[in-house]
Every structure is written in C-alpha cells, then in structure tokens.
Protein chains: 2
Amino acid sequence: MEAANHNNDNGCTNESPYISSVLPGWFSEISPLWPGEAHSLKVEKILFQGKSDYQNVMVFQSSTYGKVLVLDGVIQLTERDECAYQEMIAHLPLCSIPNPKKVLVIGGGDGGVLREVSRHSSVEQIDICEIDKMVVEVSKQFFPDVAVGYEDPRVNLHIGDGVAFLKNVAAGTYDAVIVDSSDPIGPAQELFEKPFFDSIARALHPGGVVSTQAESIWLHMHIIEEIVANCRQIFKGSVNYAWTTVPTYPSGMIGFMLCST
Amino acid sequence: MEAANHNNDNGCTNESPYISSVLPGWFSEISPLWPGEAHSLKVEKILFQGKSDYQNVMVFQSSTYGKVLVLDGVIQLTERDECAYQEMIAHLPLCSIPNPKKVLVIGGGDGGVLREVSRHSSVEQIDICEIDKMVVEVSKQFFPDVAVGYEDPRVNLHIGDGVAFLKNVAAGTYDAVIVDSSDPIGPAQELFEKPFFDSIARALHPGGVVSTQAESIWLHMHIIEEIVANCRQIFKGSVNYAWTTVPTYPSGMIGFMLCST
C-alpha cells in the first residue's frame, strides 16, 4: 500500500486515469457495462491510489458523498449510501431463514456485509473469502465505519479466490452464502458463471439460502436473464430477483439473486 | 422555434452551455439541487436548441438512451426510460379511485402523461395546462411516441400558468389532478408551495386524488418533508409518498405525492 502523492490544488493527482478524463477535479465512472453514460462525483482530495495483484484501488474524498472506494474505475461504495446495499444483500437472505448459524461471504472485502451479518444473534460463524488483500487493508484504513465488521469475533478472514475456497468446502456446510462481488469484468467474472452457482448450492445445507450481487434491470438484463436461467436449473427451492436503490451505482439501482436449496 | 446550427463533427454546437462543460460530445447534468454529482450522456447530435419565454429548451440524440429532452440543463425525459415516470405518475392516482372522469394535468407538456391517462376508458375529459408552448411544439416534433397523448379527442390543451388556471377552476371540478412539473428552480417553483396545493384541494371533488412530482428521498428530503407537512394540513384523506426508478433522473429515482380529499 502506498498513499497518493503529487496532489495539485484540487487534491487530484495527475496519475489517475479516471480523474483526467473529465472536468478537472471530478471522478467519472465510464465502463463498457453502461455505454454512453457516466456518473461523476466532485473530488475534494484523492486519499489513496494503488495497484494490487488484481485491480486498481482508489479512495477519494468526494464533495457530497463522503469517502468513496473505487476498484478499476468503478465505484464500490460511498459513505453516504453504502447502507442501502450492505443491508439489503445481507438481511434479505438472513431474514428469509430461521436461525442462520454459519454464513459465508465471498468478496465483500470492505467489511460492510460482515457488519450487517453480525447483527444476527443466531449466527455463530462468519467466514469471508476476499481475493484482494489491498481492499481489506484500504477499507480498514479509510472506512472504519464499514470495516468495523471485521471486529466481530465470529469473523474468520480468508484471503484467496472465492471459487477455489468454495470447492474445498464440505457439502452442506453453510446456512447462507452472500456473494458481494464487483461487476463481471475483472476479478469477479467467474462469480457470475454457472459452475460457481453449482459450488454454492453444494456448500449450502438443505433449506439454505444464497444472495448474490446481480446487477441492474435497467442496464444488464442479458446478464440477469442468464443468471436466473442458471439458478433455476441449480436451486431446488425459490429463485428470486430483488433490488434496492443506490444512487451512486449505475442506473441508481442494484439487484440481488436470492435462491434457496 | 429554430433548429440548432453550426454543428461540429460530433453533431455538437458550440452554443450550448451544457455540452461545453464536460468531455467533448457529452451532456452533463449539473445543478445546485444535486451538488457534487453529475450524470452524463454521450451526445450523437444536438437536434434542437431554443430559448422560450421561460427556459432553455434542448433536444439531443444520445448514444444509448434515444432522444433526450432537456430544460434549463436538466433532463426531462429520454426515450429509453420515460415510460417508468409517465406510467407511475398517471396510473397510481387513476387506479386508486373508481371511474375517474375528469382529469387535469398541470405541466406535462411533452404529452406522456396524457398518453397514459388516455388508457383509462372511464375518463371523459382531460384538461392540460402547460406554461411553455415551446415544450409542446418540440415534443410533437421530436418525440412522437410521447406527444401521441395529444391525439386523444378527450384532451383540451391550455397554454398558460397552472397556478392561475387552477384559481379559475370551479370548486370540485376534477376527479384527479396530476402535476408533472420540473424541479422547484425556475418556472415550476410555485408548484411545490402550499398555496398551490390549496388550489388543487379546492379543484378536486370529495374522494378526488392528486399526484405530483415530488423529487428523490436520496437528494431532496427537506423538500419532501415540507410537501408532506403541507399536504397533511390540506388534504383530509390519505397523504402518501410513492416512488419509482428512472435511471436518467438524479439519484436514479423520483417520487410522487399522492393525496386524496
């Protein structure tokens, strides 16, 4: 980890490929996943820029959304609206089954999902497998109100590939699996594919539930259709798409696949 | 009405104050109503720019959202997502009462609300009062699938100030009033204030219902709180806030006040 240097008067370095492409002092989120549109946040100061083994990691102080975590140019969370995402991806599955005890989080390196899972008193064990150590470290340094999730003694952090982790899990281990992934370009791509959902179904015991980040109906209907089709083949119980509003995510909303064994 | 001239290779004129402030060829929506953030759409070609008696009017062809109507730099509708707004602001009130017959639309010059109101077979009379004639003309020229609402023979168009129009309405005239306004900066400001809601309540007969554009809970909670407080004093029936997602509106969502007499 190294902090950003060479700030100019706006607190912006000249090194970020994401700041230079718009108004001076604004971060713009441009991606082939949402062509022809961009959401921009005014930047007060870049707090961190680094390149991990998997992706570019950036933290900046925005003018009106608090601190912002960015991976490969895509906003992962802002202090102002992270609650909407973390609460929905965690409480929708955990409130849908009685007394969840063992929970696995794939991704979610910022710790926000852990924070919400910890609120369930029935939970005895929370395993998390995050591929990128730098995301964990940066979150602990800059987002203490999110990374507070790591402080719960029930949490066991594994740094590694979620796909490989799941293959080594004994069948029927978990009551709930929560997949808090980035978009299906980059390190999270496999987390949207059928073999991964097969592994999740195997890792859940009967009556267990999975919740995965599942993109926006306004932007990614083809991705969602494929996930739904796969899940209908794999999961014997219910297969549902849920969603919530998150203003700093593309289209202002984000969905979740909720499936049960 | 005059069409835009002097297009450059991107189809962008140098005359628009909204295009020049960002990436060449992108429209950015920047307003004190949502400080520190901006949503941008890639511009294929500017189709119209004009200045009416009330506001700047612009239409452009976007890369991925179809044609876009912009008033004073703020997106009013895009071909891709206008349905979400028009359907909710019209069908929520009209489906909440039995057999609506007389409906008044304030604003809504693009015709989209008229299109949705027309789908209710019980409706016998649809009055619309839009302040800006240019909005009506531009919509008919560039958004035929929206302005189609004007073709219904039950529609009576009044060009004028909605506040003044309502004062001249006989008490108890309408079953439903729909206020399809722009934001409370500019010509629509009065449409968010208490005297206007008083006039609406007077114009509705007992059991009537009003639906007004009421901003986003993520961005304008102080505006919404004030509207709710006013409506609770004015309306004897229910007072509710509803909302839907519209990706090209700030925060990706927009709300409606639904009140009954």
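Keep in mind the model is a prediction, meaning the values are calculated, not measured. (Residues numbered from 1 in each chain as written. Chains lettered and ligands numbered in written order. Predicted model: local features only at pLDDT ≥ 70, side-chain atom pairs only at ≥ 80, totals over all residues. Heavy atoms only, no water.)

With that settled, the discussion passes to the overall build of chain A. Along its length, chain A carries seven helices and 12 strands. For 261 residues, the compact-globule estimate of 2.2 N^0.38 gives 18 Å, and the C-alpha radius of gyration of chain A, at 18 Å, lies within 12% of that figure. Viewed in the frame of its principal axes, chain A has a C-alpha envelope of about 55 × 40 × 30 Å. Put simply, of all contacts in chain A between residues at least 6 apart along the chain, 63% involve residues at least 24 apart. Taken as a whole, chain A presents about 10300 Å² of accessible surface, with 50% of it coming from carbon and sulfur. (Helix = DSSP H or I, 4+ residues; strand = E, 2+ residues; numbered from the N terminus. Rg over C-alpha atoms; globule rule 2.2 N^0.38 Å. Contact = heavy atoms within 4.5 Å. Areas by Shrake-Rupley, 256 points an atom, 1.4 Å probe, with all protein chains shown as cover.)

The next thing to look at is the domain arrangement of chain A. Interfaces are often sized by the accessible area lost when the parts come together. Residues and elements named next belong to chain A. If you check the domain split of chain A, you get domain 1 (26–77) and domain 2 (81–260). Spacing between the C-alpha centres of domain 1 and domain 2 amounts to 22 Å. Listed as interface residues are 26 residues of domain 1 and, on the opposing side, 25 residues of domain 2. Carbon and sulfur atoms supply 73% of the area buried between domain 1 and domain 2, which totals about 2200 Å² over both sides. Per-residue buried area on domain 1 facing domain 2 is highest for Leu-33, Tyr-54 and Leu-77; these three make up 30% of the total on that side. Scanning the region where domain 1 abuts domain 2 turns up zero salt bridges. Our enumeration of links across domain 1 and domain 2 arrives at five residue pairs in polar contact (both at pLDDT 80 or more). Top element by residues in the side of domain 1 that touches domain 2 is strand S2 (residues 37–51). It accounts for seven residues. Tallied by class, residues from the side of domain 1 that touches domain 2 come to 16 nonpolar, five polar and five charged. (Domains from an automatic or database assignment. Buried area = accessible area lost by both parts, 1.4 Å probe. Salt bridge = Lys/Arg side-chain N within 4 Å of Asp/Glu carboxyl O. Polar contact = N/O pair within 3.5 Å; in protein donor to acceptor, adjacent residues only side chain to side chain. Nonpolar A, V, L, I, M, F, W, Y, C, P; charged D, E, K, R; others polar.)

Under the counting rule described, the total for this entry stands at three cavities of 30 Å³ or more. Approximately 170 Å³ is the volume found for the largest cavity. The set of elements that each furnish at least two residues to the lining of the largest cavity consists of S2 of chain A together with strand S2 (37–51) of chain B. Classifying every residue of the lining of the largest cavity by side-chain character gives 10 nonpolar, seven polar and four charged. (1 Å grid on protein atoms, 1.4 Å probe; cavity = no way out; pocket = protein on both sides within 12 Å on 5 of 7 lines; lining within 4 Å. Points joined across faces, edges and corners; volume = space filled by probe spheres on them.)

The next thing to look at is a negative patch on the surface. A contiguous patch of negative charge on the surface is contributed by A:Asp161, A:Glu190, A:Glu193 and A:Glu226. Checked against the element boundaries, A:Glu226 lands in helix H7 (residues 221–234). (Patch = residues over 30% accessible without salt bridge, like charges linked within 9 Å, V, L, I, M, F, W, Y side chains within 5 Å. Lys, Arg positive; Asp, Glu negative; His and termini not counted. Charge placed at Lys NZ, Arg CZ, Asp CG, Glu CD.)

Moving on, we get to the relation of the copies chain A and chain B. Placing chain A over chain B gives an RMSD of 0.0 Å and needs a rotation angle of 180°, together with 0.0 Å of translation along the axis. Viewed as a symmetry operation, the transformation between the two copies matches a two-fold axis. A share of 100% of the interface residues of chain A reappears at the interface of chain B, consistent with the copies meeting face to face through the same patch. (Least-squares fit on C-alpha atoms with pLDDT ≥ 70 in both.)

Under the UniProt annotation, the feature "active site" (unreviewed entry) is placed at A:Asp180. You can see A:Asp180 is positioned in strand S9 (residues 174–180). (UniProt positions renumbered as here; feature names shortened; annotations may be inferred.)

The next thing to look at is the interface of chain A and chain B. Listed per partner, the contact involves 27 residues of chain A and 27 residues of chain B. Across the chain A/chain B interface, buried area totals approximately 2200 Å², and carbon plus sulfur atoms make up 61% of it. Interface area lost by chain A to chain B is led by A:Gly36, A:Glu37 and A:Trp218, which between them contribute 27%. The interface formed by chain A and chain B contains 14 residue pairs in polar contact (both at pLDDT 80 or more). Put simply, the parts of the chain that give the side of chain A that touches chain B at least two residues each are S2 and strand S11 (239–245) of chain A. Sorting elements by how many residues they give to the side of chain A that touches chain B places S2(A) first, with six residues. When grouped by side-chain class, the residues that make up the side of chain A that touches chain B number 14 nonpolar, nine polar and four charged. Two strands pair when backbone bridges link them, and S2(A) and S2(B) are joined in this way by five bridges, in the antiparallel orientation. Paired with A:Leu41 across the two strands is B:Glu37, which belongs to S2(B). (Pairing = 2+ DSSP bridges.)

On to the pairing of strand S12 (residues 253–260) of chain B. Residues and elements named next belong to chain B. Burial of S12 is extensive: eight of the eight residues sit out of reach of the surface. Of the two faces of S12, the one carrying Met-253, Gly-255, Met-257 and Cys-259 and the one carrying Ile-254, Phe-256, Leu-258 and Ser-260 are both buried. Pairing of strand S10 (residues 204–213) with S12, which is carried by five bridges, proceeds in the antiparallel orientation. Bridging across to S12, Val-209 finds its partner in Ser-260. (Buried < 20%, exposed > 50% of the residue type's maximum accessible area, 1.4 Å probe, protein only.)

Attention shifts here to the side chain of B:His120. Residue and element names in this part refer to chain B. Tracing the sequence through the fold places His-120 in the loop between helix H2 (112–117) and strand S7 (125–130). A relative accessible area of 12% means that His-120 is categorised as buried. Sequence-distant contacts of His-120, defined by excluding residues within four places in its chain, comprise His-91, Leu-94, Cys-95 and Arg-154.

Should their charged atoms come close, side chains of opposite charge can pair. Inspection of the entire model under this criterion finds 10 salt bridges over all chains. Ionic pairing is found between B:Glu82 and B:Arg115, a salt bridge with its closest N-O pair at 2.9 Å. Taken together, the residues span a long stretch of sequence, with B:Glu82 in helix H1 (residues 82–94) and B:Arg115 in helix H2 at a distance of 33 residues. Using a relative accessible area of 10% as the deciding quantity, one classes B:Glu82 as buried. Here B:Glu116 makes a salt bridge to B:Arg115, at a shortest N to O gap of 2.9 Å. Taking relative accessible area as the criterion, B:Arg115 reaches 13% and is therefore assigned buried. In this structure, a network of salt bridges that share partners links the residues A:Glu82, A:Arg115, A:Glu116 and A:Arg119.

With that settled, consider the sheet that holds strand S9 (residues 174–180) of chain B. Residue and element names in this part refer to chain B. With mixed pairing, seven strands are arranged side by side in an open sheet as S8-S7-S6-S9-S10-S12-S11. In the strand order of this sheet, the two ends are held by strand S8 (155–159) and strand S11 (239–245), each with one partner. Here the average twist between neighbouring strands, direction ignored, is 15°. Looking at chain direction, S7 and S8 are connected through five bridges and run parallel. What sits directly across from Cys-129, in S8, is His-158. Of the strands in this sheet, strand S6 (102–107), S9, S10, S11 and S12 are in contact with H1, which crosses S9 at around 155°. (Axes fitted to C-alpha atoms, helices over the stretch in contact; angles between N-to-C directions.)

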